[in-house]
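# Structural overview
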Amino acid sequence: MKVNPIEMQKCLGGVEYPASKDEIVNEAGRHGAGKDIMDALKKLPAKEYPSPAEVSKEIGKGA
């Protein structure tokens, strides 16, 4: 799945890290994330993410 990293980071702008997967998904939804971004975030492993870079790294693995 190809997700635009810039668009994803815009959607995660209000997240306070560290953040859980659920917090990240909820915040992205509030910021109007598109279907591709939401699908990718929902596939993330359920854990705490210390930074937006870690979220991007996990999605880059094909989460």
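Described below are features of the structure shown in this document. (Residues numbered from 1 in each chain as written. Predicted model: local features only at pLDDT ≥ 70, side-chain atom pairs only at ≥ 80, totals over all residues. Heavy atoms only, no water.)

## Examining the packing of helix α2 (residues 21–30) against helix α3 (residues 35–42)
- The interhelical angle for the contact between α2 and α3, taken along N-to-C directions, is 170°, at an axis separation of 10 Å. The orientation of α2 relative to α3 falls into the category roughly antiparallel. Packed against α2, whose contacting residues are Lys21, Ile24, Val25, Ala28 and Gly29, the element α3 presents Met38, Leu41 and Lys42 at the interface.
- Considered class by class, the residues forming the contact of α2 with α3 number five nonpolar, one polar and two charged. (Axes fitted to C-alpha atoms, helices over the stretch in contact; angles between N-to-C directions. Helix = DSSP H or I, 4+ residues; strand = E, 2+ residues; numbered from the N terminus. Parallel < 35°, antiparallel > 145°, perpendicular 65-115°, else oblique. Contact = heavy atoms within 4.5 Å. Nonpolar A, V, L, I, M, F, W, Y, C, P; charged D, E, K, R; others polar.)

## Quick look at the side chain of Glu27
- Here Glu27 is to be found in helix α2.
- Residue class for Glu27 comes out buried when judged on its relative accessible area of 13%.
- Of note is the side chain of Glu27, whose polar atom sits 2.6 Å from the side chain of Arg30.
- Every residue in contact with Glu27, bar those within four places of it in the chain, is listed here: Cys11, Gly14 and Val15. (Buried < 20%, exposed > 50% of the residue type's maximum accessible area, 1.4 Å probe, protein only. Polar contact = N/O pair within 3.5 Å; in protein donor to acceptor, adjacent residues only side chain to side chain.)

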